[in-house]
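# Observations on the three-dimensional arrangement
One-letter residues, chain by chain:
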Amino acid sequence: MPPGITIAADAPQLSAANTGFMLICSALVMLMTPGLAFFYGGMVRVKSTLNMLMMSFISLGIVTILWVLYGFSIAFGTDHGSLFGWSSDYVGLSGIGLTELWDGYSIPVYVFAVFQLMFAIITPALISGALADRVKFTAWALFVALWATIVYFPVAHWVWGTGGWAFELGVIDFAGGTAVHINAGAAALGVILVIGKRVGFKKDPMRPHSLPLVMLGAALLWFGWFGFNAGSWLGNNDGVGAMMFLNTQVATAAAMLAWLAYEKIRHGAITTLGAASGAVAGLVAITPSGGSISPLGAIAVGAIAGLLCAMAVGLKFKFGYDDSLDVVGVHLVGGVVGSLLVGFFATGGVQSDAKGLFYGGGLEQLGKQAAGVGAVLAYSLIASAILALLVDKTIGMRVSEDEEVAGIDQVQHAETAYDFSGAGGGTAPRTAAVPGPPAQDAGKDKDAGKNKKVDA
């Protein structure tokens, strides 16, 4: 039989099962962005609720259009210098066949493109939590467009694109520890160093206005994260995605418990905010590592991440940077921890044969992970600070101090999250007469019971 026929027989065929699975995973990842909006929206004060929701929602609009126009081409097109991709067929997603398969897989290119689009959408939305209360919405929208173009799309190519330098080096990032979480966390730090602190930072309590919203957002994130992580294997044929699904649940549970234990020991209380934040820390840490470790390793990764992230959120008070909703403490620190722990806990028996230090692999994989972590962190931090400075010097990044104190929702959106103007009803309260004195005392004070009224 001619070699060409043999190759054709062995080539992947379109799988309806894998295609359907990936479309479901894409929808789950899309749901994470509204979940993030609720998570962040509940953590801010009432006067910033709508702005926080919109800072996530606007990414659904902006990044989607950019992805179609050129983002997918930069991230996953033909490699150029190991730094970015470009394929004319991907520009406008117009040169792709309806059933054309993603190279080496059994799903159409369009399905892969829409799955990766959801990653591109949520990553800049993650940054927004660090900037609560003080950024002009138009400036934020412009920053999202610039950041996605200059930072996210190229970094996605480094990590996941064929020919990208981190991909070729062998950096393991199953679903976005470097490309998503370190990228967003470092960007958040870069921007807040440029725009400065909120009015009242370290003086006013700035407590979350709705912890039920925070818990709802965390639950939606946890639910959607199964698509985020398990779907990143792009199929269901060999059990790796199933292992990633299991490890996602295990690490998240371990991180939540570790965070709450730290809270109890350190502060004497177990909080709902701590439970939600600990769960997110575990989700972040398992994202790069869950496809290369065992369930026992997932417990270790989650517990370590929960503890270290709980400790890290207080660093903003020590060093004086105003990370409003702890994007640096959770996403940057969690992403770094999860990425580096691959170098310790990789078993060599799941997604690849790469082994970590604890499984006889020496320091080689740890060195590769450190290279990926350091490069993405440095590039995103510097580039994001420059972009924020550029936006600030042109259209201005921050609202005025008076506007910030008055409330960014009313100033930027002409709305408020909660309207209680009609809560009291439109009629006067009913009244009831107070009983007069007993009959035997009536003669003593004939008018004692007259004209006395109380609210019913």
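Just above, that's the structure.
These notes cover the structure that comes with them. Worth saying up front: this structure is predicted, and the values here are computed from it rather than measured. (Residues numbered from 1 in each chain as written. Predicted model: local features only at pLDDT ≥ 70, side-chain atom pairs only at ≥ 80, totals over all residues. Heavy atoms only, no water.)

Here the focus is the packing of helix H9 (residues 240-267) against helix H10 (residues 272-289). Following both chains from N to C, one finds H9 and H10 inclined at 140°, their axes separated by 7 Å at the closest point. Taken together, the axes of H9 and H10 are oblique relative to one another. Remark: the crossing between H9 and H10 carries right-handed chirality. Facing Met244, Asn247, Thr248, Ala251, Thr252, Ala255, Met256, Trp259, Leu260 and Glu263 of H9, the residues of H10 in contact are Gly274, Ala275, Ser277, Gly278, Ala279, Ala281, Gly282, Leu283, Ile286 and Thr287. For the contact of H9 with H10, the residue count by class is eleven nonpolar, eight polar and one charged. (Axes fitted to C-alpha atoms, helices over the stretch in contact; angles between N-to-C directions. Helix = DSSP H or I, 4+ residues; strand = E, 2+ residues; numbered from the N terminus. Parallel < 35°, antiparallel > 145°, perpendicular 65-115°, else oblique. Left-handed = near helix turned anticlockwise from the far one by under 90°. Contact = heavy atoms within 4.5 Å. Nonpolar A, V, L, I, M, F, W, Y, C, P; charged D, E, K, R; others polar.)

Residues spaced three or four apart along an α-helix face the same direction, because each turn holds 3.6 residues. In a regular helix each residue adds 1.5 Å, so 18 residues correspond to 26 Å; H10 covers 26 Å between its end C-alpha atoms and thus fits that length. Counting buried positions over the 18 residues of H10 gives 16, a clear majority of the element. Among the residues of H10, the N-terminal cap falls to threonine 271, whose side-chain oxygen and the backbone nitrogen of glycine 274 are separated by 2.8 Å. (Expected span 1.5 Å × (residues − 1). Buried < 20%, exposed > 50% of the residue type's maximum accessible area, 1.4 Å probe, protein only. Polar contact = N/O pair within 3.5 Å; in protein donor to acceptor, adjacent residues only side chain to side chain.)

On to a nonpolar patch on the surface, then. A cluster of nonpolar side chains, Ile304, Leu307, Leu308 and Met311, forms an exposed patch at the surface whose accessible area comes to about 300 Å². Along the chain, the position of leucine 307 falls in helix H11 (residues 295-312). (Patch = residues over 30% accessible without salt bridge, like charges linked within 9 Å, V, L, I, M, F, W, Y side chains within 5 Å. Areas by Shrake-Rupley, 256 points an atom, 1.4 Å probe, with all protein chains shown as cover. Salt bridge = Lys/Arg side-chain N within 4 Å of Asp/Glu carboxyl O.)

Attention now moves to the packing of aromatic side chains. Going through the model one piece at a time under the given rule, you end up with 26 aromatic pairs. On the numbers, 4.2 Å between centres and 15° between planes, the contact of phenylalanine 119 with phenylalanine 228 is stacked. Linking phenylalanine 119 in helix H4 (residues 109-127) with phenylalanine 228 in helix H8 (residues 211-230), this pair joins segments that are 109 residues apart in sequence. On the basis of relative accessible area, phenylalanine 228 is assigned to the buried category, the value being 1%. (Phe/Tyr/Trp six-rings, centres within 6.5 Å; stacked < 30°, edge-to-face > 60°.)

All right, on to H8 then. The end-to-end C-alpha separation of H8 is 29 Å, in line with the 28 Å expected for 20 residues at 1.5 Å each. Maximal helix bending in H8 amounts to about 30°, located at glycine 224. When you tally the buried positions in H8, you get 14 out of 20 residues, the bulk of the element. (Bend = angle between axes of the 7 residues up to and from the residue.)

For the rest of this paragraph, the subject is the side chain of glutamine 116. In this fold, glutamine 116 is placed in helix H4. Apart from residues lying up to four places away in sequence, glutamine 116 is in contact with Trp67, Phe76 and Trp160.

Moving on, we come to the environment of leucine 14. Residue placement: leucine 14 occurs in the loop between helix H1 (3-10) and helix H2 (16-43). Residues leucine 14 and leucine 366 lie 352 residues apart in sequence; the distance between their C-alpha atoms is 36 Å. Each residue touching leucine 14, except ones within four places of it in the same chain, is listed here: Thr19, Thr99, Leu101, Ser106 and Pro108.

What follows concerns the nonpolar core. If you look at the biggest cluster of nonpolar residues, it comprises 109 residues, and the most contacted ones within it are Phe39, Phe72 and Leu131. Per-element accounting of this core gives the leading share, 16 residues, to helix H5 (residues 137-160). With residues near it in sequence (within four places) discarded, leucine 131 still touches Met55, Trp140, Val191, Ile192, Ile195 and Ser324. Residues Ala285, Ile286, Ile293 and Val301 belong to the second largest nonpolar core, which totals eleven residues. (Core = buried A, V, L, I, M, F, W, Y, C linked by side-chain atoms within 4.5 Å.)

Let us look at the pattern of salt bridges. Applying the stated criterion across every chain, the model contains six salt bridges. The shortest N-O distance in the salt bridge between aspartate 326 and lysine 316 comes to 3.0 Å. Linking aspartate 326 in the loop between helix H12 (315-319) and helix H13 (327-345) with lysine 316 in helix H12, this pair joins segments that are ten residues apart in sequence. Given a relative accessible area of 17%, aspartate 326 falls into the buried group. The class for lysine 316 is buried, based on a relative accessible area of 6%.

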